[in-house]
Amino acid sequence: MAEQSFDLIVLGGGPGGYVAAIRAAQLGMRTALVEREHLGGICLNWGCIPTKALLRTSEINHLLRTLDRYGFAADNVRYDFGKVIQRSRAVARQLSDGVRFLMRKNKVTVLDGHGRLAGKGKLAVSKDGRPVAELAAPHIILATGARARVLPGIEPDGRLIWTYREAMVPPALPRRLIVIGSGAIGSEFASFYLDMGSEVTLIEVLDRVLPVEDAEISAFVRKAFEKQGMKVLTGAKVQGVRKGADEVTAIVEADGRVQEIAADRVISAVGIVGNVEDIGIEGTGVKVDRTHVVTDEWCRTGEPGVYAIGDLCGPPWLAHKASHEGVLCVEKIAGVEGVHPLDVRNIPGCTYCRPQVASVGLTEAAAKEAGYEVRIGRFPFIGNGKAIALGEPEGLVKTVFDARTGELLGAHMVGAEVTELIQGYAIARTLEATEAELIATVFPHPTISETMHEAVLDAYGRVIHI
Ligand SMILES: Cc1cc2nc3c(=O)[nH]c(=O)nc-3n(C[C@H](O)[C@H](O)[C@H](O)COP(=O)(O)OP(=O)(O)OC[C@H]3O[C@@H](n4cnc5c(N)ncnc54)[C@H](O)[C@@H]3O)c2cc1C
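Looking at an unreviewed UniProt entry, the protein chain carries the name Dihydrolipoyl dehydrogenase, with the source organism given as Caldovatus sediminis. Looking at the Subcellular location (unreviewed entry) heading of the UniProt record, one finds this comment for the protein chain: "Cytoplasm". According to the UniProt record, the Sequence similarities (unreviewed entry) comment for the protein chain reads "Belongs to the class-I pyridine nucleotide-disulfide oxidoreductase family."

This is the structure in structure tokens:
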């Protein structure tokens, strides 16, 4: 088999890999991308995008059930669950096809198969166990992503115990659902199923839901979930499950007491492990720490010429982090001037449950732990005209400033559409903005974004609308 030579090979076609390939092609590099399953990776096929399609449906279902608030009356409103799932899959397919188009447009050579390193600067591609290509390049980016972590005793079986994959294509709506893990993925599924009509119990081993968020935001979300009818258990450990014919019972320990909770299905959303197996890193300088490849600030591994980006390298497991790393890694390889390492504190995180959650930078607790003297601002949605006009008065914005310099250290939001708004604070973080620039910025009226201004004003004793 003739070896094919490139300037760069990318292993994995998720948002890390395909974006890296496009940027490399833009910079004039002859680029190959190897993908074994689906262009667009988890994000477009089984993650960000299909879940947002589902959550749009559950948001509409919630609105339909509360139409009278807006002066409507509608009888007999119902949904076809099969069509709900079909729409989500169609959206995923459309975007994956879009990535194939982008690869063609950018003249990236796409190889369909499983790739593994095969010696210095070489990568072997196989399909169904048979070799299909041998590739060579001075630079190889590993972007093989990650998959759901499995808890011993609660192994997903595809029928009663689901990972996110099965949870995204259920044959029917479970009447009673347990979600184990209240990170972004668990909270989004809990919210989706609750709004579609399931009875949902959300179980979290740590002391609060969305444990990476600011404690006040976690408390707000818990209260909102409970008000919506969700049962939330925190500081609760699932010791195991007992399976019946079409039912699961979770044995849960909380506050020194053991209780049994019966449900029709369980979603296990307890974390992520990197896809480090069978990619040929054994015997190379590529180091792995707790299932994730270790890299430096330029995404270099310990093996010269081999780089790693995205979920494969650990948290935060976010598509935009993967893409950003893809771009900076390629630009560094190409010798582009002015490339900056990624500051993890400037990566916004979003959770699309109801109410939505978005944040960037340090929580109040993390800022204090880092030694900052902090200045805190808060603004509730109830003081915002647009939020009330929309019928979305539940929300809160919290800002964390360095009391000494005025630097915005972190911003935390919960409420309608905050995932669309957090970018304003992310830009402020990138520009190292202080309260002075944020206060001097004009926010359009009436918008929910005004809550962002007010939360800054509040930190400096100048809040207007509360
Ligand atoms: C349910 C869910 C919801 C999510 N929602 C969001 C969200 O709203 N926002 C957000 O930012 N993130 C979200 N994420 C996370 C997001 O999907 C990931 O952070 C992102 O996909 C990581 O991109 P990646 O390119 O590193 O890896 P992946 O997207 O996992 O892509 C890796 C690709 O490599 C391929 N591959 C692996 N090994 C090989 C091999 N040896 N040979 C060939 N190909 C290989 C895989 O088939 C895959 O296509 C969500 C994840 C899940 C599961």
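Engineer: Even after reading the chapter, I still don't get the packing of aromatic side chains, so can you show me in this structure?
Structural biologist: Describing an aromatic ring pair means giving the distance of the ring centres and the angle of the ring planes. Going through the model one piece at a time under the given rule, you end up with four aromatic pairs. Here F192 and Y193 contribute two aromatic rings whose centre-to-centre distance is 4.9 Å and whose plane-to-plane angle is 75°, an arrangement assigned as edge-to-face. Note on Y193: relative accessible area 0%, which makes it buried. Relative to Y460, the ring of F401 lies with its centre 5.3 Å away and its plane at 80°, an arrangement referred to as edge-to-face. Highlighted residues: F401 in strand β25 (residues 396–402) and Y460 in the segment after α13 (450–459), separated in sequence by 59 residues. Here the aromatic cluster, defined as three or more aromatic residues joined through ring pairs, consists of W162, F192 and Y193. Against the face of W46 rests R89, its NZ or CZ located 3.9 Å from the ring centre. Sitting over the ring of W298, K332 keeps its end group 4.1 Å from the ring centre.

Engineer: Looking at this structure, I do not really get the UniProt feature "binding site: NAD(+)" (unreviewed entry) in the protein chain. What am I missing?
Structural biologist: Per the UniProt entry, the sites bearing "binding site: NAD(+)" (unreviewed entry) are G181, S182, G183, A184, I185, G186, S187, E188, E204 and G271 in this numbering. What stands out for the annotated residues spanning 91 residues is how close their C-alpha atoms remain, the widest pair being 13.9 Å apart. One can find G183 in the loop between β11 (176–180) and α6 (184–196). Relative accessible area serves as the criterion here: at 30%, G183 is assigned to the partly exposed category. Once residues within four sequence positions are removed from consideration, G183 is found in contact with E204 and L210.

Engineer: Looking at this structure, I do not really get the site of the ligand. What am I missing?
Structural biologist: In the vicinity of the ligand lie 39 residues, with G16, E35, K52, D311 and A319 positioned nearest. E35 is positioned such that a nitrogen or oxygen atom in its side chain is 2.7 Å from an oxygen atom of the ligand. In the environment of the ligand, an oxygen atom lies 2.7 Å from a nitrogen or oxygen atom belonging to the side chain of K52. Taken by itself the ligand offers 990 Å² of open surface, and the protein chains cover 96% of this. Of all the secondary structure elements, the ones that give two or more residues to the shell around the ligand are β3 (31–35), α2 (41–46), α3 (48–65), β5 (114–117), α5 (164–168) and α8 (319–334). Ranked by the residues each element gives to the shell around the ligand, the list is headed by α2, at four residues.

Engineer: How should I be thinking about the environment of V169 in this particular structure?
Structural biologist: Mapping V169 onto the fold places it in the loop between α5 and β11. Separated by 58 residues in the primary sequence, V169 and L111 have C-alpha atoms spaced 28 Å apart. Sequence-distant contacts of V169, defined by excluding residues within four places in its chain, comprise W46, I85 and R89.

Engineer: Would you mind showing me how to read the nonpolar core here?
Structural biologist: One recurring pattern in soluble globular proteins is that nonpolar side chains are buried together. Formed by 33 residues in total, the largest nonpolar core has its most connected members in F192, Y193, V200, V221, M230 and I267. Those elements giving two or more residues to this core turn out to be α3, α4 (81–105), α5, β11, α6, β12 (199–203) and α7 (215–227). With six residues, α6 is the single largest residue contributor to this core. The contact partners of M230, leaving out residues within four places of it in the chain, are A190, S191, L194, V200, L202 and F225. Core analysis: the second largest hydrophobic core is formed by 29 residues, A387, Y425, I439 and M452 among them.

Engineer: How do you make sense of α4 when you look at a structure like this?
Structural biologist: Turn by turn, an α-helix covers 3.6 residues, leaving residues three or four places apart pointing in a common direction. Helix length check: α4, at 25 residues, gives a terminal C-alpha distance of 37 Å against a target of 36 Å (1.5 Å per residue), a fit within 8%. Here α4 has its buried residues at F81, V84, I85, S88, R89, A92, S96, V99 and M103. The residue sitting at the N-terminus of α4 and contributing the capping side-chain oxygen is D80; that oxygen lies 3.0 Å from the backbone nitrogen of G82. A positive backbone phi angle near 55° is found at K107, which sits one or two residues after α4.

Engineer: Honestly, the sheet that holds strand β23 (residues 357–361) in this entry has me stumped. Any pointers?
Structural biologist: Two pairing modes exist for strands in a sheet, parallel and antiparallel, and in both the strands are linked by backbone hydrogen bonds. The five strands lie next to each other as β22-β23-β26-β25-β24, forming an open sheet whose pairing is antiparallel. Unpaired on one side and paired on the other, β22 (349–351) and β24 (374–380) mark the two borders of the sheet. The average angle at which neighbouring strand axes cross in this sheet is 10°, direction not considered. Across six bridges, the pairing between β25 and strand β26 (residues 408–414) is antiparallel. Residue V397 lies in a different strand from β26, and its bridge partner there is M413. Seen against the sheet, α13 touches β24, β25 and β26 and runs at an angle of roughly 140° to β24.

About the thresholds
Residue numbering note: each chain is counted from 1, following its sequence as written. Selection of residues for local features in this predicted model requires a pLDDT of at least 70, selection of side-chain atom pairs for listing and counting requires 80 or more, and totals for whole chains, interfaces and linings are taken over all residues. Side-chain metrics rest on all non-hydrogen atoms present in the structure, leaving aside hydrogens and water. UniProt positions are given in the numbering used here, feature names are shortened, and annotations may be inferred rather than shown by experiment. A pair of aromatic rings is counted whenever rings of Phe, Tyr or Trp (Trp by its six-membered ring) have centres within 6.5 Å, and the orientation is called stacked for planes under 30 degrees apart, edge-to-face for over 60 and tilted otherwise. Throughout this description, buried means an accessible area under 20% of the type-specific maximum (1.4 Å probe, protein chains only), exposed means over 50%, and partly exposed covers the range between. Elements are defined by DSSP. Helices are runs of H or I of four residues or more, strands are runs of E of two residues or more, and each kind is numbered from the N terminus. Our definition puts a charge over a ring when NZ of Lys or CZ of Arg is within 6 Å of the ring centre and also within 35 degrees of the ring normal. Pairs of residues are marked as contacts when any of their non-hydrogen atoms sit within 4.5 Å. One heavy atom within 4 Å of a molecule or strand is enough for the residue carrying it to be called near that molecule or strand. Polar contact criterion, stated in full: a pair of N or O atoms within 3.5 Å, where within protein one must be able to donate a hydrogen and the other to accept it, and residues adjacent in sequence count only if both atoms are side-chain atoms. Note that accessible areas follow from Shrake-Rupley with a 1.4 Å probe, and for residues the cover is restricted to the protein chains shown. Side-chain atoms within 4.5 Å are what join buried Ala, Val, Leu, Ile, Met, Phe, Trp, Tyr and Cys residues into a set we call a nonpolar core. One less than the number of residues in a helix, times 1.5 Å, gives the span that helix is expected to have. A pair of strands counts as paired when DSSP detects no fewer than two bridges linking them. Axes here refer to lines fitted to C-alpha atoms; in helices the fit is confined to the stretch in contact. Angles between the N-to-C directions go from 0 to 180 degrees.

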